[in-house]
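Listed below, chain by chain, are the residues.
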Amino acid sequence: MKPLRILFVASEADPFVKVGGLGDVAGSLPYALQALGADLDVRLVIPFHASTRTEGLTLVRETVFTLLRDGREVPAQVFYTDVKGLPVYLISGAPVTGSLKVYDPNPLADGEKYTFFSLAALEMARRLDWRPDIVHANDWHTAAAIYQVRRMQHDPFWKGVKTVFSVHNLGYMGPEAENALVSYGLPPIHEPLLPEWACRQPMGQALWAADEIVAVSPSYAEEIQTPEYGYGLEKYLQAQRAKVTGIVNGIDYSLWDPARDKALEATFDSTSLAERAKNKANLQAQFALTEMPEAPLLAMITRFDFQKGVDIALNSLRMVTDLSWQLILLGTGNAALEDAARKLEADFPHRIASVIRFDARLSRQIYGSSDILLMPSRYEPCGLAQMIAMRYGSVPLARATGGLRDTIADSRTGVLVTDA
Ligand code: ADP
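Calculation criteria
- All residue numbers here refer to positions counted from 1 along the written sequence of the relevant chain.
- Reporting in this predicted model follows two pLDDT cut-offs: at least 70 for local features of residues, and 80 or more for side-chain atom pairs to be given and counted; totals over whole chains, interfaces and linings ignore these cut-offs and use all residues.
- As a rule here, side-chain values cover all heavy atoms of the structure and leave hydrogens and water aside.
- The nearness test applies per residue and asks whether one of its heavy atoms lies within 4 Å of the molecule or strand.
- Whenever two N or O atoms come within 3.5 Å, that pair is a polar contact, provided that in protein one can donate a hydrogen and the other can accept it, and provided that, for residues adjacent in sequence, both atoms are side-chain atoms.
- Shrake-Rupley sampling with a 1.4 Å probe provides the accessible areas, and residues are treated as covered by the protein chains on show and by no other component.
- Strands are runs of DSSP state E lasting at least 2 residues, helices are runs of H or I lasting at least 4, and numbering of each runs from the N terminus.
- The rule is simple: take the accessible area with a 1.4 Å probe, protein chains only, and divide by the maximum for that residue type; under 20% is buried, over 50% is exposed, in between is partly exposed.
- Note on contacts: a residue pair qualifies if any of its non-hydrogen atoms lie within 4.5 Å across the two residues.
- By the convention used here, strands pair only if DSSP detects at least 2 bridges between them.
- Angles here are taken between N-to-C directions and fall from 0 to 180 degrees, while the axes themselves are lines fitted to C-alpha atoms, restricted in helices to the stretch in contact.
- Using protein atoms alone on a 1 Å grid, points that fit a 1.4 Å probe yet trap it form a cavity, whereas open point sets bounded by protein on both sides within 12 Å along at least five of seven lines form a pocket; residues with an atom within 4 Å of a point count as lining.
- Grid points are joined across faces, edges and corners, and a volume is the space filled by probe spheres set on the points.
- Residue classes follow a fixed rule: Ala, Val, Leu, Ile, Met, Phe, Trp, Tyr, Cys and Pro count as nonpolar, while Asp, Glu, Lys and Arg count as charged, and any other residue, Gly among them, counts as polar.

Undergrad: Quick question: what am I supposed to make of the site of the ligand here?
TA: The environment of the ligand is made up of 20 residues, and the closest members are Gly 21, Asp 24, Arg 303, Lys 308 and Tyr 367. A distance of 2.7 Å is found between an oxygen atom of the ligand and a side-chain nitrogen or oxygen belonging to Tyr 367. Protein burial of the ligand: of its 560 Å² of free accessible surface, 93% is covered by the chains. Of all the secondary-structure elements, those providing two or more residues to the shell around the ligand are α1 (21–34), β10 (297–304), β11 (326–333), α13 (360–367) and α14 (385–391).

Undergrad: I'm lost on unusual backbone geometry in this one. Help?
TA: A negative phi angle is the norm for most residues apart from glycine, just as the trans form is the norm for most peptide bonds. A cis geometry characterises the amide bond from Asp 14 onward to Pro 15, with omega recorded as 5°. Looking at where Pro 15 falls in the secondary structure, it is placed in the loop between β1 (4–9) and α1. Backbone geometry places Asp 129, a non-glycine residue, at a positive phi of 50°. Structurally, Asp 129 is set in the loop between α3 (107–127) and β6 (134–138).

Undergrad: Looking at this structure, I do not really get helix α4 (residues 143–151). What am I missing?
TA: The periodicity of an α-helix, 3.6 residues per turn, causes residues three or four places apart in sequence to face the same way. Along α4, seven of the nine residues are buried, which leaves the element largely enclosed by surrounding structure. Buried within α4 we find Ala 143, Ala 144, Ala 145, Ile 146, Tyr 147, Gln 148 and Val 149. Next to the buried residues of α4 lie α3, β6, β7 (162–167), α5 (178–183) and α6 (202–209).

Undergrad: What exactly am I supposed to notice about the sheet that holds strand β2 (residues 40–47) here?
TA: Backbone hydrogen bonds hold the strands of a sheet together, and the pairing may be parallel or antiparallel. Across the sheet, which stays open at both edges, the nine strands sit in the order β3-β4-β5-β2-β1-β6-β7-β8-β9 with mixed pairing between neighbours. With partners counted over all chains shown, the strands left at the sheet margins are β3 (60–69) and β9 (244–246), one partner each. The mean angle between the axes of side-by-side strands here comes to 25°, regardless of whether they run parallel or antiparallel. Sheet topology places β1 next to β2; six bridges connect them, and they run parallel. Paired with Leu 7 across the bridge in β2 is Arg 43. Most of the contacts of α6 go to β7, to which it runs at about 135°, and overall it touches β7 and β8 (212–215).

Undergrad: Got a minute to help me understand the layout of surface pockets in this structure?
TA: Empty space among the atoms becomes apparent when a probe as large as a water molecule is rolled across them. One number sums up the size of the second largest pocket: a volume of about 400 Å³. Along the wall of the second largest pocket there are 22 residues; nearest its centre are Val 25, Leu 29, Leu 33, His 136 and Asn 249. Listed by contribution, the elements that provide at least two residues to the lining of the second largest pocket are α1, β6, β7 and β8. Here the lining of the second largest pocket is built from residues that sort into 14 nonpolar, seven polar and one charged.

Undergrad: Would you take a moment to explain the environment of Arg 391 for this structure?
TA: For Arg 391, the location among the structural elements is in helix α14. By relative accessible area, Arg 391 is classed as partly exposed at 29%. The spacing of Arg 391 and Trp 256 is 135 residues in sequence and 7.4 Å in space, taken between C-alpha atoms. Filtering out sequence-adjacent residues up to four positions away, Arg 391 remains in contact with Ile 251, Tyr 253, Trp 256, Asp 257 and Pro 258. A polar side-chain atom of Arg 391 sits 3.0 Å from the main-chain carbonyl oxygen of Tyr 253.

Below is the structure:
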């Protein structure tokens, strides 16, 4: 039997490049799908970002072609590599190399980059004569691939190809991609149930065009159909509820394994949790926090974003300074939140460390030594940090929203909030 072919299209994927949870998912879900059986042929395609890590990999230039943007040719180069048996394609071209960050501070640059990338990912499949049965795209960045497959149904190569669109975060819709979409030949759609602005944006177009919409947790699949979390698209999503499902993300336990994690001073498993004390002492020494074995070490490892409730945590902690606790905060993002974190550390230097950077190794050390991970998210489509924390023996303290509801069980009852 011919294997089922899945083209997995994403803006980031670990270990090539990771900014947040999408990188974790795109770096592990293709393997999990592959492991379902030999009758699946899964291939991953990501942009060849300037920050892509390629040490130790052999990259082969696979094909070159051009896309048309307002009648002008934009060259694309496709590189191929194989990581632990997974075929991976990296797409380069001026819209990708011209942008230094995975998510550019200039949203117009992102609009150009991701429209180019999404369409190039499809053109690549055609050039390689590798016709996918399913195109699986993720969030607004790769949404144009979903819309384009629908538009190309008259083309024998794309006819009958199905699409899955995963919504990792409905809050980001790619409004600044509007012009790029039109320039690359993707006109606004006409759908009376969608607000007019959404018909011009990649998120709205993919929700309309996709055969299946998968939110990254069952609770989030429900929430996006309400005004509070639907960002104006809730009516459309309600009308489309038959094609909306929620599947909770997961983490790869072989990549996140405290018994074998080289970043840890002391490795451990569930039978040797006492070892964590060494990691905690090590972290306290590293960040000049007073050693207080009896005080819980709180942690936050997060993008500094309104969504994540960093401000809620910082303000709340100021109200309980009479209690005994310490905090280590690791994150980057919103400048005002970064300043607020630095200010909190300046006010309480021996109990708070604010580390304003992206640091994968340090994140592992924090998961492997903290007592409590704070996730006061205003909304959380799925969240992976709480899953990693649980794997590493740090208890998540979270707001009962989205995927946090679906993955954190009350330790006294073992019951998920959603089951209660
Ligand atoms: P989101 O995808 O919304 O950013 P998730 O909880 O799903 O949130 O995933 C966040 C991922 O990014 C986790 O793997 C977390 O450990 C990692 N992460 C976030 N900020 C940092 C940072 N500053 N340094 C290292 N890892 C980080």
